[in-house]
Amino acid sequence: MMDMQTYRDRRTQATDAAEAIRAALAGLSLPESVWSSVRPMVTHNGKPYVHLGMIRAAAAERIAEAMGTSAKLEPVE
């Protein structure tokens, strides 16, 4: 079982990472509906994660393009 300080530290790490992803998605001019499902998570054994949720294909293409891959860009609703 993890202690409370470890949980807090890992939660902070996951929260900071989630905020960075939200800011990056907002910076791509993607609507809030795309990045509002991004959530910080900590597993029972203390591993920090960021849950991205389900993303529409058009938004995923825009994200891929921003990451340096070529993708056909369509409007994101």
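Look up: the structure comes first, before these words.
The following refers to the structure shown. Predicted model, so just to flag it, every value in this text is computed and none were measured.

In this section: the overall build of the chain. Within the chain one finds three helices and two strands. Secondary structure elements of the chain occur, N-terminal to C-terminal, as α-α-β-β-α. At a minimum sequence separation of 6, the contacts of the chain that also span at least 24 residues come to 46%. Counting every atom, the chain has about 5,500 Å² of accessible surface; 56% of that belongs to carbon and sulfur.

To continue, consider the pattern of salt bridges. Under the criterion given, the structure shown has one salt bridge. For E19, the salt bridge identified is with R22, shortest N-O distance 2.4 Å. With E19 and R22 both in helix 1 (residues 4-27), this residue pair falls three residues apart, about one helical turn. The exposure class of E19 is partly exposed, given its relative accessible area of 43%. Here R22 falls in the buried class, since its relative accessible area comes to 16%.

Once that is clear, we can look at the nonpolar core. Listed in full, the eight residues of the largest apolar core are A18, L25, L30, V34, W35, V38, A59 and I63. Elements that contribute at least two residues to this core include exactly helix 1, helix 2 (32-35) and helix 3 (57-66). Setting aside chain neighbours within four positions, we find A18 in contact with V38, R39, P40 and V50.

Moving on to helix 1. Three- or four-residue spacings in an α-helix give side chains the same orientation, since the helix completes a turn every 3.6 residues. Compared with an ideal rise of 1.5 Å per residue, which puts 24 residues at 34 Å, helix 1 spans 34 Å between its outermost C-alpha atoms and is within 8% of the ideal. Among all positions of helix 1, only A14, A18, R22 and L25 are buried. Taken together, the buried residues of helix 1 touch helix 2, strand 1 (39-42), strand 2 (48-51) and helix 3. The opening residue of helix 1 is D3, an N-cap whose side-chain oxygen sits 3.0 Å from the backbone nitrogen of Q5. Two residues or fewer after helix 1 comes S29, characterised by a positive phi angle close to 65°.

The rules behind the values
- Residues numbered from 1 in each chain as written.
- Predicted model: local features only at pLDDT ≥ 70, side-chain atom pairs only at ≥ 80, totals over all residues.
- Heavy atoms only, no water.
- Helix = DSSP H or I, 4+ residues; strand = E, 2+ residues; numbered from the N terminus.
- Contact = heavy atoms within 4.5 Å.
- Areas by Shrake-Rupley, 256 points an atom, 1.4 Å probe, with all protein chains shown as cover.
- Salt bridge = Lys/Arg side-chain N within 4 Å of Asp/Glu carboxyl O.
- Buried < 20%, exposed > 50% of the residue type's maximum accessible area, 1.4 Å probe, protein only.
- Core = buried A, V, L, I, M, F, W, Y, C linked by side-chain atoms within 4.5 Å.
- Expected span 1.5 Å × (residues − 1).
- Polar contact = N/O pair within 3.5 Å; in protein donor to acceptor, adjacent residues only side chain to side chain.

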